[in-house]
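In case you want the letters, here they are:
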Amino acid sequence: DAGITQSPRYKITETGRQVTLMCHQTWSHSYMFWYRQDLGHGLRLIYYSAAADITDKGEVPDGYVVSRSKTENFPLTLESATRSQTSVYFCASSESGNEYGYTFGSGTRLTVV
Amino acid sequence: GENVEQHPSTLSVQEGDSAVIKCTYSDSASNYFPWYKQELGKGPQLIIDIRSNVGEKKDQRIAVTLNKTAKHFSLHITETQPEDSAVYFCAAPGTGFQKLVFGTGTRLLVSP
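Cut-offs and rules
Residues numbered from 1 in each chain as written. Chains lettered and ligands numbered in written order. Predicted model: local features only at pLDDT ≥ 70, side-chain atom pairs only at ≥ 80, totals over all residues. Heavy atoms only, no water. Helix = DSSP H or I, 4+ residues; strand = E, 2+ residues; numbered from the N terminus. Buried < 20%, exposed > 50% of the residue type's maximum accessible area, 1.4 Å probe, protein only. Lys, Arg positive; Asp, Glu negative; His and termini not counted. Charge placed at Lys NZ, Arg CZ, Asp CG, Glu CD. Rg over C-alpha atoms; globule rule 2.2 N^0.38 Å. Core = buried A, V, L, I, M, F, W, Y, C linked by side-chain atoms within 4.5 Å. Contact = heavy atoms within 4.5 Å. Buried area = accessible area lost by both parts, 1.4 Å probe. Salt bridge = Lys/Arg side-chain N within 4 Å of Asp/Glu carboxyl O. Polar contact = N/O pair within 3.5 Å; in protein donor to acceptor, adjacent residues only side chain to side chain. Nonpolar A, V, L, I, M, F, W, Y, C, P; charged D, E, K, R; others polar. Phe/Tyr/Trp six-rings, centres within 6.5 Å; stacked < 30°, edge-to-face > 60°.

## Brief notes about the overall build of chain B
Thought 1: A tally of helices and strands in chain B yields 0 helices and 11 strands.
Thought 2: Overall, chain B shows an N-to-C arrangement of helices and strands of β-β-β-β-β-β-β-β-β-β-β.
Thought 3: Here the C-alpha coordinates of chain B stretch approximately 40 × 30 × 20 Å along the principal axes.
Thought 4: A total of 112 residues make up chain B; the buried ones form 46% of that total.
Thought 5: Mean positive and mean negative side-chain charge positions of chain B (11 and 12 charges, respectively) differ by 6 Å.

## Side note on the overall build of chain A
Thought 1: Within chain A, the secondary structure is distributed over 0 helices and 11 strands.
Thought 2: For chain A, the sequential pattern of α-helices and β-strands runs β-β-β-β-β-β-β-β-β-β-β.
Thought 3: In summary, chain A has a C-alpha radius of gyration of 13 Å against a globular reference of 13 Å for 113 residues, a match within 12%.
Thought 4: Along the first, second and third principal axes, the C-alpha atoms of chain A reach 40 × 30 × 25 Å.

## What to know about the nonpolar core
All names here are of chain B.
Thought 1: Residues Phe-33, Trp-35, Phe-73, Leu-75, Ile-77, Tyr-88 and Leu-108 are the most contacted members of the largest nonpolar core, which totals 23 residues.
Thought 2: Listed by contribution, the elements that provide at least two residues to this core are strand 2 (10-14), strand 3 (19-25), strand 4 (32-38), strand 5 (45-51), strand 7 (62-67), strand 8 (72-77), strand 9 (86-93) and strand 11 (106-111).
Thought 3: Those residues in contact with Phe-33, other than ones at most four positions away along the chain, are Tyr-25, Ile-48, Asp-49, Ile-50, Leu-66, Phe-73, Ala-91 and Ala-92.

## Overview of the interface of chain B and chain A
Thought 1: The interface of chain B with chain A comprises 17 residues on the first partner and 25 residues on the second.
Thought 2: Both faces considered, chain B and chain A share a buried interface measuring about 1,800 Å² in area, 58% of it formed by carbon and sulfur atoms.
Thought 3: Between the two partners, chain B and chain A, sit 0 salt bridges.
Thought 4: Applying the counting criterion to the chain B and chain A interface returns 5 residue pairs in polar contact (both at pLDDT 80 or more).
Thought 5: At the level of elements, strand 4, strand 9 and strand 10 (100-102) of chain B are the ones that each hand at least two residues to the side of chain B that touches chain A.
Thought 6: Here the side of chain B that touches chain A is composed, by residue class, of 8 nonpolar, 6 polar and 3 charged.

## So, the packing of aromatic side chains
Thought 1: In the structure shown here, the tally under the stated rule is 17 aromatic pairs over all chains.
Thought 2: Ring geometry for Tyr-35 of chain A against Phe-102 of chain B: centres 5.2 Å apart, planes inclined by 85°, an arrangement best described as edge-to-face. With one member in each of two chains, Tyr-35 of chain A in strand 4 (residues 31-38) and Phe-102 of chain B in strand 10 form a pair that bridges those chains.
Thought 3: A relative accessible area of 6% means that Phe-102 of chain B is categorised as buried.
Thought 4: One aromatic cluster in this structure is built from Phe-33, Tyr-35, Phe-90, Tyr-102 and Phe-104 of chain A together with Tyr-36, Phe-89 and Phe-102 of chain B.

Here it is in structure tokens:
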């Protein structure tokens, strides 16, 4: 199916564990983004990517790692999960030349216990 | 960098009333202002946007106005319906790479 998909939808993990959230888009959009959504903070940018192998930090990157070896995939890894990383994570993509026309995935709700 | 403030955080209206959500931004160079609607359990979805060369844009029951001098823009929903109940986010461009900076969101509740 065409679109942007995130997996898993829900995840519970323990403090200190490594966890990877997956994001896959079928449009070959150049730009991809990871945001976290927390009450009172709205959507905050964690990392973004302009193309394969080009990534950069956003507003709240600490504790997260990303990679983009293929245009369609943009996984987000929490190297050692902390309770403060409990959040809803959204992946988004946009095509080059379509300024800011983001399409968001359905999100991953992550709970760190 | 860009800072976006959004008000109110919650808004309750009766069906058929109008709803207005306001946002302010800090970077006078910003030139694109989208609004996203997030329904329960879903990701945000773009519903309308405006560029800095126009002052108002309408799409059926929704409209966005922009005041560049005051650096604020607003979402107007007329004849609200229960299905308009959602969280609405405004946004403005961040620095570089097609980044968006989002407001903190407004939870709109439309009561029948």
